[in-house]
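# Overview (structure and organization)
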Amino acid sequence: MKNGYLLFLFFLSVNINELFQKKITTTLLSQDKISSENCKDITLSPNSENVKFNGRFYVKNEVTWLAFSGSSIEFYLTGKSAEVILAGENNAIYFAEDQRARYAIYIDDKKVLDTTMGELEKTVKLFENEEEKEIKVRIILLSEASHGAIGVKNINVNTCSNPEKVIRPSEYKKLRIEYIGDSITCAYGVECKSPSEPFQTTTENFELSYAFLSAKELDADYSGVCYSGIGVAQGQNGMPQQYTKATYNEEWDFTKYPNDVVVINLGTNDSGYAAESKHDEYIQEYTKFLGLLREKNPKAYIICTLGMMGGEGLFPLIEKSISLFGDEKVFSFFLPNQNPEDGIGSQYHPNWVTHAKDAKIVAQKIREILGIK
């Protein structure tokens, strides 16, 4: 009995020592990993404190949605690796592939992804390095609002730095311009080579629009508020009814991101009002819209333009509206129509050549009005 008891104690001590040694080994390995790397995984949510916003956006169900053509976030990350969790809208993922929301991701100003969103949730690896470094990230919606927003849910980073210094926003520019328009401003069919090509989001690219390019030339931040087919005098479906929204059901807060300049390129879809019997009605509607723009942009210069696809008959009505409105900070000019020799985009919309030419005209007009070089 005594020998059996001693034998039991011997085996018990061996097992305890083995367990103790295992615990020590595990702890040491963990400590060794921390001391050698001192890195950890951090999950971040995009907000106005850690990312820069261009264009309109809204937050719903803890997801930041880039809502309009050209809406983007831009920021710097410090870490060894990072990924972003994107979200797609429920209805938009059921579109055909060439009708879904198109977006792009840039790393250090180099485009690394250009695709459409066909998933409710998608993880995109941004970078992975042996050594920790700082990189610049930009995520942008290239297609128009009616074909879906792009959601940014989380940004996951493996970093060795102070958590408070892992992410920082890009700097805002001194000048902010908002562009209000229809399919032309959306850059509808801008990448197409023939007017016979049908509409596809895969050939709609806001970065090739006159709006984006003129803002770039002026080194300005921008916002795009545009829908294909929209005009000024279209009842509840017109721009006056949609302008105040970040999306169909979310109101936009104009006080957070005040515009210095507002460019309106509307009228192409209001061609029915070129008939003389509706001139007064159109002037009334346009003048009323100018009042809304002034209310929401009390200090901005407002520039009214038309053209690229016609509109000569309607432009005098716009000029009349401006005259009646009587605001010395409201201006107008007519954009030249597209030249067939430059090529024509989808369904006779301007292609990238026309947009590039008109971007310079718009930028120069803004320079003249602001008195800058």
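Below or above, wherever it landed, is the structure these notes cover.

Criteria and thresholds
- Residues numbered from 1 in each chain as written.
- Predicted model: local features only at pLDDT ≥ 70, side-chain atom pairs only at ≥ 80, totals over all residues.
- Heavy atoms only, no water.
- Helix = DSSP H or I, 4+ residues; strand = E, 2+ residues; numbered from the N terminus.
- Expected span 1.5 Å × (residues − 1).
- Buried < 20%, exposed > 50% of the residue type's maximum accessible area, 1.4 Å probe, protein only.
- Contact = heavy atoms within 4.5 Å.
- Pairing = 2+ DSSP bridges.
- Axes fitted to C-alpha atoms, helices over the stretch in contact; angles between N-to-C directions.
- Polar contact = N/O pair within 3.5 Å; in protein donor to acceptor, adjacent residues only side chain to side chain.
- Parallel < 35°, antiparallel > 145°, perpendicular 65-115°, else oblique.
- Left-handed = near helix turned anticlockwise from the far one by under 90°.
- Nonpolar A, V, L, I, M, F, W, Y, C, P; charged D, E, K, R; others polar.
- Core = buried A, V, L, I, M, F, W, Y, C linked by side-chain atoms within 4.5 Å.
- Salt bridge = Lys/Arg side-chain N within 4 Å of Asp/Glu carboxyl O.
- Phe/Tyr/Trp six-rings, centres within 6.5 Å; stacked < 30°, edge-to-face > 60°.
- Lys NZ or Arg CZ within 6 Å of the ring centre and 35° of its normal.
- Disulfide = S-S within 2.5 Å.

With 18 residues, helix H5 (residues 279-296) extends 26 Å between its outermost C-alpha atoms, agreeing within 8% with the 26 Å of an ideal straight helix rising 1.5 Å per residue. Of all the positions in H5, only Tyr282, Ile283, Tyr286, Thr287, Phe289, Leu290, Leu292, Leu293 and Arg294 are classed as buried. Close packing links the buried residues of H5 with strand E11 (176-181), helix H4 (239-242), strand E15 (261-265), strand E16 (301-307), helix H6 (315-325) and strand E17 (330-335).

A separate point is the sheet that holds E16. Spatial strand order, E12-E11-E15-E16-E17: five strands in an open sheet with parallel pairing. The sheet is open, and its two edges are formed by strand E12 (221-226) and E17, each paired on a single side. In this sheet, adjacent strand axes meet at a mean angle of 20° when their direction is disregarded. Bridging between E11 and E12 involves six bridges; their strand directions are parallel. Note that in E12 the partner of Gly181 across the bridge is Cys226. Packing against the sheet, H5 makes contact with E11, E15, E16 and E17, and its axis sits at approximately 140° to E16.

Before going further, it helps to examine the side chain of Ser170. Locating Ser170 in the fold gives a position in the loop between strand E10 (167-169) and E11. For Ser170, a relative accessible area of 5% translates into the label buried. Of note is the side chain of Ser170, whose polar atom sits 2.9 Å from the side chain of Glu74. In this view, Ser170 contacts Lys52, Glu74, Phe75, Tyr76 and Lys136; residues no more than four positions away in its chain are not counted.

The next thing to look at is helix H3 (residues 210-217). Of all the residues in H3, the buried ones are Tyr210, Ala211, Phe212, Ser214 and Ala215. Phi turns positive one or two residues past the end of H3, at Asp219, with a value near 55°.

This part takes up the packing of H3 against helix H7 (residues 352-370). Packed helices, taken two at a time, are described by the angle between their axes plus the distance between the axes. Where H3 meets H7, the axes come as close as 8 Å, and the angle between the chain directions of the two elements is 50°. Judged by the inter-axis angle, H3 sits oblique to H7. The handedness of the crossing between H3 and H7 is right-handed. Of H7, the residues touching H3 (which contributes Tyr210, Leu213, Ser214 and Glu217) are His355, Ala356, Asp358, Ala359, Lys360, Val362, Ala363 and Arg367. Here the residues of the contact of H3 with H7 are counted per class, giving six nonpolar, two polar and four charged.

Residues Leu77, Ile264 and Phe289 are the most contacted members of the largest nonpolar core, which totals 71 residues. With residues near it in sequence (within four places) discarded, Leu77 still touches Leu44, Ala82, Leu126, Phe127, Lys133, Glu134, Ile135, Val137, Ile155, Val157, Val166 and Ile167. Judged by nonpolar contacts, the second largest core, of 27 residues, contains Leu175, Ala215, Tyr222 and Ala359.

Following the criterion strictly, the structure yields 19 salt bridges and no others. Of the charged contacts, one joins Asp109 and Lys136 as a salt bridge, the two residues approaching to 3.2 Å between their closest N and O atoms. With Asp109 in the loop between strand E6 (102-107) and strand E7 (110-116) and Lys136 in strand E8 (residues 121-141), this residue pair connects regions lying 27 residues apart in the sequence. What makes Asp109 exposed here is its relative accessible area of 56%. Lys357 serves as the salt-bridge partner of Asp342, at 2.8 Å between the closest nitrogen and oxygen. Of this pair, Asp342 sits in the loop between E17 and H7 while Lys357 is found in helix H7, placing the two residues 15 residues apart along the sequence. What emerges from the salt-bridge pattern is a single network uniting Glu74, Asp109, Lys136, Arg138 and Glu207.

Most of E11 sits out of view: six of its six residues are buried. Residues Arg176, Glu178 and Ile180 of E11 are buried on one face, and the alternating residues Ile177, Tyr179 and Gly181, pointing to the opposite face, are buried as well.

What follows is about the packing of aromatic side chains. Tallying each qualifying case throughout the model produces 18 aromatic pairs. Centroid distance Phe57 to Trp252: 5.7 Å. Interplanar angle 80°. Geometry classified as edge-to-face. Of this pair, Phe57 sits in strand E3 (residues 57-60) while Trp252 sits in the loop between strand E14 (250-251) and E15, and the two are 195 residues apart along the sequence. Assessed through its relative accessible area of 10%, Trp252 is described here as buried. By way of ring pairs, the aromatic residues Phe53, Phe57, Tyr172, Trp252 and Tyr257 are connected into one cluster. Geometry around Tyr76 places Arg168 over its ring, the cationic atom sitting 4.1 Å from the centre. For Lys329, the ring lying beneath its charged end belongs to Tyr301, and the centroid distance is 4.4 Å.

Attention now goes to unusual backbone geometry. In this structure, Asp108 takes a positive phi of about 50° despite not being glycine. Here Asp108 is to be found in the loop between E6 and E7. Backbone geometry at Met308 places phi at a positive 75°, although glycine is not the residue there. Residue Met308 is classed as buried on the basis of its relative accessible area of 0%.

Further remarks concern the state of the cysteines. All chains considered together, the criterion is met by one disulfide. Two residues, Cys39 and Cys160, share a disulfide whose sulfurs are 1.7 Å apart. Handedness here is read from the sign of the S-S torsion; for Cys39 and Cys160, about 50°, the answer is right-handed. Of the two residues, Cys39 is situated in the loop between helix H1 (2-37) and strand E1 (40-44) and Cys160 in the loop between strand E9 (150-159) and E10; the sequence distance between them amounts to 121 residues. The structure places no disulfide on Cys186, whose sulfur is separated from the nearest cysteine sulfur, that of Cys226, by 3.4 Å. Looking at Cys186, the relative accessible area reads 0%, which means it is buried. The closest cysteine sulfur to the non-disulfide-bonded Cys192 is located on Cys186, 14 Å from its own sulfur. Owing to a relative accessible area of 4%, Cys192 belongs among the buried residues under this scheme.

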